[in-house]
Amino acid sequence: MTKSILVTGATGTLGRVLVPALRDRGHDVRGLSRSAPGHVHGDLRTGAGIPEAVDGADVIIHAATDGRHDEATTSTLLRSVRDDQHLVYVSIVGVDRVPLPYYRSKYRIEQTIRASGGSILRATQFHGLVHAFARVLTKAPLGFYPAFAFQPVDTGDVARRLAEIAEGGRVELEDFAGPEVRSARDLFESYLRIAGKRRPLVPLRLPGKIFGGYRAGGHLAPDRALGTVTWEAFLTRRAADPA
Ligand SMILES: NC(=O)c1ccc[n+]([C@@H]2O[C@H](COP(=O)([O-])OP(=O)(O)OC[C@H]3O[C@@H](n4cnc5c(N)ncnc54)[C@H](OP(=O)(O)O)[C@@H]3O)[C@@H](O)[C@H]2O)c1
């Protein structure tokens, strides 16, 4: 059944893929952005335009993020969402396990979303984020890799699951992870090979509970390896179409 869906964060890494994926499935989709052309305009920090954007939507997929303002911006959004509208929040695997301040705030947001009857999909790191880490950490003649693993996931796979949730009923809390758990060293070596670069790589280890949380795999969900697109498939696609 066709749904009227509002996507916050429509211009973001996920939103850019999610909006067309929902349209391809026949839904009537509006994307929210502060200023990008072709979208409904609204600012979750000031609240301007938010009631109008939310009005009439069956489902609101909340994929906007404004860093340390996310608790306030999500509260602003929730004030406009009625009980008969389905709010789906995009969170991150391990927000309850890795004590990063951004994760902690997302975990608190999750509690608010759950109390309001919304759905939560926690994803692992998107391929694009791991790619950005690989690029930055291997820029110099001596490259670094964090001494832990990732389970990168494709935004197309996450978009597909979000669409299913939007079409179905409430999902209280679900993890959605990439197809493989791989050491960052292994992922970075593949990145260098496909980029045609050679670098010696040394491990990066940091003290503290945050790094420890990643090292312990708090951000991984090996039993929820539902993504289909591998790291190498992503890199090959990106090399062919860098945009
Ligand atoms: N990146 C990852 O690896 C990853 C992994 C798992 C889960 N997640 C989660 O997935 C969600 C989407 O992440 P992403 O990487 O796609 O985000 P992103 O690329 O950083 O995009 C952020 C989006 O938020 C919008 N936004 C920011 N401030 C806003 C405001 N005040 N009012 C309205 N819109 C605002 C931006 O729209 P405009 O600039 O056009 O206004 C933009 O579309 C986030 O909740 C993130 O925590 C991300």
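One numbering rule holds for all chains: residues counted from 1, following each sequence as written. Given that the model is predicted, a residue must reach a pLDDT of at least 70 before its local features are reported, and side-chain atom pairs must reach 80 or more before they are shown or counted; all residues, however, enter totals for whole chains, interfaces and linings. Where side-chain values are given, they derive from all heavy atoms of the structure, hydrogens and water being excluded.

For the protein, an unreviewed UniProt entry supplies the name SDR family oxidoreductase and the organism Dactylosporangium fulvum.

A.B. asks: Can you tell me about the overall build of the protein, naming the residues and giving the values?
C.D. replies: Helix and strand definitions here come from DSSP, where helices need a minimum of 4 consecutive H or I residues and strands a minimum of 2 consecutive E residues; each element is numbered from the N-terminal end. Summing up its helical and strand segments, the protein has nine helices and eleven strands in all. Along the longest, intermediate and shortest principal axes, the C-alpha atoms of the protein span 55 × 40 × 35 Å. Here the term buried applies to any residue with accessible area under 20% of the maximum for its type, exposed to any over 50%, and partly exposed to those in between, with areas from a 1.4 Å probe on protein chains only. In the protein, which comprises 243 residues, the share counted as buried stands at 50%. Here the analysis covers contacts within the protein between residues at least 6 apart in sequence; of these, 77% occur between residues at least 24 apart. Approximately 11,500 Å² of the protein is accessible, and the part contributed by carbon and sulfur atoms is 53%. Distance between charge centres in the protein, computed from 33 positive and 26 negative side chains, equals 9 Å. Here, two residues are considered to be in contact whenever any of their heavy atoms come within 4.5 Å of each other. Only the protein chains shown count as cover for residues, and the accessible areas themselves come from Shrake-Rupley with a 1.4 Å probe. His is not counted, nor are the chain ends, whereas Lys and Arg count as positive and Asp and Glu as negative. Charged side chains are reduced to one point each, which is NZ for Lys, CZ for Arg, CG for Asp and CD for Glu.

A.B. asks: Report on the environment of Ala-123, specifying residues and quantitative values.
C.D. replies: Mapped onto the elements, Ala-123 comes out in strand 6 (residues 119-123). When the C-alpha atoms of Ala-123 and Ile-92 are compared, they prove to be 4.8 Å apart, with 31 residues separating the residues in sequence. When sequence neighbours within four positions are dropped, the list of residues in contact with Ala-123 reads Ser-91, Ile-92, Val-93, Val-153, Val-158 and Phe-176.

A.B. asks: Let's hear about the layout of surface pockets: which residues, and what values?
C.D. replies: Points on a 1 Å grid over protein atoms alone make up a cavity when a 1.4 Å probe fits among them but cannot get out, and a pocket when they form an open set with protein on both sides within 12 Å along at least five of seven lines; lining residues each have an atom within 4 Å of a point. Grid points are joined across faces, edges and corners, and a volume is the space filled by probe spheres set on the points. Of the volumes computed, that of the largest pocket is approximately 1,000 Å³. Lining the largest pocket are 44 residues, with Thr-13, Thr-65, Ile-92, Tyr-102 and Phe-126 positioned closest to its centre. Where the lining of the largest pocket is concerned, the elements lending two or more residues are strand 2 (28-33), helix 3 (70-80), strand 5 (86-92), helix 4 (101-115), helix 5 (127-137) and helix 8 (209-215). Polar here means any residue other than Ala, Val, Leu, Ile, Met, Phe, Trp, Tyr, Cys and Pro, which are nonpolar, and Asp, Glu, Lys and Arg, which are charged; Gly is therefore polar. Taken together, the residues that form the lining of the largest pocket break down as 24 nonpolar, 14 polar and six charged.

A.B. asks: Lay out the packing of helix 5 against helix 7 (residues 184-195) with the relevant residues and their values.
C.D. replies: The relative placement of two packed helices comes down to the angle between their axes together with the axis-to-axis distance. Only C-alpha atoms enter the line fits that serve as axes; for helices the fit covers just the stretch in contact. Angles between N-to-C directions range over 0 to 180 degrees. Running from N to C, helix 5 and helix 7 cross one another at 75°; their axes reach a closest spacing of 10 Å. If you check the angle between helix 5 and helix 7, you find them roughly perpendicular. For the pair helix 5 and helix 7, contact is made by Val-130, His-131, Phe-133, Ala-134, Arg-135 and Leu-137 and by Leu-187, Phe-188 and Tyr-191, respectively. Counted by class, the contact of helix 5 with helix 7 contains seven nonpolar, one polar and one charged residues. Any angle that falls under 35 degrees is termed roughly parallel, while one over 145 is termed roughly antiparallel, one within 65 to 115 roughly perpendicular, and all others oblique.

A.B. asks: Please provide a residue-by-residue account of the nonpolar core, values included.
C.D. replies: The criterion is simple. A nonpolar core is a set of buried Ala, Val, Leu, Ile, Met, Phe, Trp, Tyr and Cys residues joined through side-chain atoms within 4.5 Å. Counting residues in each nonpolar core, the largest one holds 25 residues, and the members touching the most others are Val-7, Leu-22, Ile-61, Val-158 and Leu-162. Of all elements in the fold, only strand 1 (4-8), helix 1 (15-24), strand 4 (59-62), strand 5, strand 6 and helix 6 (155-167) reach the threshold of two or more residues within this core. With six residues, the single largest contributor to this core is helix 6. Excluding anything up to four places from it in sequence, Val-158 contacts Leu-14, Leu-121, Ala-123, Phe-126, Val-153 and Phe-176. In terms of nonpolar packing, the next biggest core, distinct from the first, is built from 21 residues, Ile-92, Leu-187, Phe-211 and Phe-234 among them.

A.B. asks: For the site of the ligand, give the residues involved together with the corresponding values.
C.D. replies: Residues are classed as near a molecule or strand on a simple rule: at least one heavy atom within 4 Å of it. Not every one of the 26 residues close to the ligand is listed here, only the nearest: Thr-11, Ser-33, Arg-34, Tyr-102 and Lys-106. We define a polar contact as two N or O atoms separated by no more than 3.5 Å, with the added condition that, inside protein, one atom must be a possible hydrogen donor and the other a possible acceptor, whereas residues neighbouring each other in sequence contribute only through side-chain atom pairs. Between Phe-126 and the ligand, the recorded distance is 2.8 Å, taken from a backbone N or O atom to an oxygen atom. A cavity or pocket is said to hold a molecule if more than half of that molecule's atoms lie within 2 Å of its grid points. A molecule is said to occupy a pocket when more than half its atoms come within 2 Å of that pocket's grid points, and by this definition the ligand occupies the largest pocket. Of all elements in the fold, only strand 5 and helix 4 reach the threshold of two or more residues within the shell around the ligand. In terms of residue count, strand 5 provides more of the shell around the ligand than any other element does, three residues in total. In terms of residue class, the shell around the ligand is built from eleven nonpolar, ten polar and five charged.

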